[in-house]
Structure formats: C-alpha cells, structure tokens
Amino acid sequence: MAQANTVFDASSSQIQVEHDKKRRQFVIRLNGSHDRAVLLYEYVGKKMVDLQHTEVPDAYRGRGIAKHLAKAAMDFVVEEDLKAHLTCWYIQKYVKENPQPQYFEHIYQ
C-alpha cells in the first residue's frame with residue numbers, strides 16, 4: 001500500500017500543529033514527516049500578521065486538516081494580542097464558519 005493511501009483521520013487526537021516561529025509557519029506533519037500541511041504568515045508591523053496561505057497536499061485535502069492550521073493561527077493571534085490580515089481565502093472561510101468573538105476582535109478590516 002502506498003503511503004498516500006494510508007487512512008488519515010483528521011478528527012482524531014493525533015493531529016498536532018507545530019508553530020515554527022522562526023519560519024513563520026504552522027505545520028502538521030502527515031504520515032510521519034514526509035508530507036506536511038502548512039499555513040504561512042508574515043509580520044507586517046509590530047502587532048500585525050498577514051495570514052497568507054494554507055496548503056494541504058492533494059492526497060489529504062477534504063479531511064479537515066486545514067481547519068486545525070486555521071484554528072492554531074487564530075488562537076496564536078488572540079493569545080499574542082495581534083491584529084490579523086486574512087489574505088488566505090481558507091482562513092476567511094474558517095472565521096466565517098467558526099464565528100468566535102475573540103477572533104473578530106483581532107481581525108484587521
């Protein structure tokens with residue numbers, strides 16, 4: 001069986017989002033460490049981040065993996081009391097589908 005065909009359950013507790021502050025990205029390692037889902041961001045000021053891009057490998061799309069990245073990024077924005085510019089369409093969608101008041105307070109309009 002090819003690794004890409006391995007059953008991967010995004011709702012399970014084995015999903016761990018790593019925050020690589022140096023590279024300014026949130027990462028989920030899939031199938032060990034070979035495949036990765038990432039959310040990239042940049043600082044655009046001292047207290048503002050631009051959540052730029054979310055990418056999940058084709059073989060893992062549609063399984064709710066990006067949702068974990070989006071939640072981790074928005075929780076980071078709230079915890080660090082930052083403002084977020086939502087360039088990434090998926091983050092925009094996530095915030096609409098998960099209308100948390102603490103998120104809206106931190107979104108730069």
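Residues numbered from 1 in each chain as written. Predicted model: local features only at pLDDT ≥ 70, side-chain atom pairs only at ≥ 80, totals over all residues. Heavy atoms only, no water.

Within an unreviewed UniProt entry, the label attached to the protein reads Protein NATD1, and the organism entered is Kryptolebias marmoratus. UniProt's Sequence similarities (unreviewed entry) comment on the protein is quoted here verbatim: "Belongs to the NATD1 family." (UniProt positions renumbered as here; feature names shortened; annotations may be inferred.)

This paragraph deals with the pattern of salt bridges. Two side chains bearing opposite charge may form a pair once their charged atoms approach each other closely. This model, assessed by the stated rule, comprises six salt bridges. The shortest N-O distance in the salt bridge between E18 and R29 comes to 3.1 Å. Of this pair, E18 sits in strand β1 (residues 17–20) while R29 sits in strand β2 (residues 25–30), placing them 11 residues apart in sequence. With its nearest N and O atoms 3.8 Å apart, the salt bridge here joins K93 to E97. (Salt bridge = Lys/Arg side-chain N within 4 Å of Asp/Glu carboxyl O. Helix = DSSP H or I, 4+ residues; strand = E, 2+ residues; numbered from the N terminus.)

Within this structure, the stated rule accounts for six aromatic pairs. Summarising the aromatic geometry, the rings of F26 and Y41 are spaced 5.6 Å apart at their centres and angled 40° between planes, so their arrangement reads as tilted. Within this pair, whereas F26 is found in strand β2, its partner Y41 is found in strand β3 (residues 35–43), the two being separated by 15 residues in sequence. Centre to centre, the rings of Y41 and F76 are 5.6 Å apart; their planes meet at 45°, and the pair counts as tilted. (Phe/Tyr/Trp six-rings, centres within 6.5 Å; stacked < 30°, edge-to-face > 60°.)

With that settled, the discussion passes to the nonpolar core. General note: in soluble globular proteins, nonpolar side chains tend to be found buried as a group. By size, the foremost hydrophobic cluster in this structure holds 29 residues, and its most contacted members are L51, M74, L86 and I91. For this core, the secondary-structure elements that each account for two or more residues are β2, β3, β4 (48–55), α1 (65–79), β5 (83–86) and α2 (89–97). Considering each element in turn, this core owes the most residues, eight residues, to α1. Among residues more than four places away in sequence, those in contact with I91 are L39, L51, T54, A70, M74 and L86. (Core = buried A, V, L, I, M, F, W, Y, C linked by side-chain atoms within 4.5 Å. Buried < 20%, exposed > 50% of the residue type's maximum accessible area, 1.4 Å probe, protein only. Contact = heavy atoms within 4.5 Å.)

Before going further, it helps to examine the confidence of the model for the protein. Detailed reading of the predicted coordinates is not advisable wherever pLDDT is low. Residues with a pLDDT of 70 or more make up 86% of the protein, whose mean pLDDT is 89. Per-element confidence in the protein is highest for β4, whose mean pLDDT is 98, and lowest for helix α3 (residues 101–104), whose mean pLDDT is 95. Throughout residues 1–7 the model reports pLDDT below 50, and contacts reaching past four residues in sequence, or to other chains, amount to nine contacts. (pLDDT = per-residue confidence, 0-100.)

The next subject is the pairing of β1. Where β1 and β2 come together, four bridges link them in antiparallel fashion. Bridging from a neighbouring strand, D20 pairs with Q25 of β2. (Pairing = 2+ DSSP bridges.)

This next bit is on the environment of E105. Position of E105 among the secondary structure elements: in the segment after α3. Accessibility expressed as a relative area gives 53% for E105, which makes it exposed. For the pair E105 and V78, spaced 27 residues apart in sequence, the C-alpha to C-alpha distance is 8.5 Å.

A few words now on the sheet that holds β2. If you trace the five strands from one edge of the open sheet to the other, you get β1-β2-β3-β4-β5, paired in mixed fashion. Only two strands of the sheet have a single neighbouring strand rather than two, namely β1 and β5. The mean inter-strand angle of the sheet, taken between neighbouring strand axes irrespective of direction, is 25°. As paired strands, β4 and β5 are joined by four bridges and run parallel to one another. Its bridge partner lying in β5, L51 is registered against L86. (Axes fitted to C-alpha atoms, helices over the stretch in contact; angles between N-to-C directions.)

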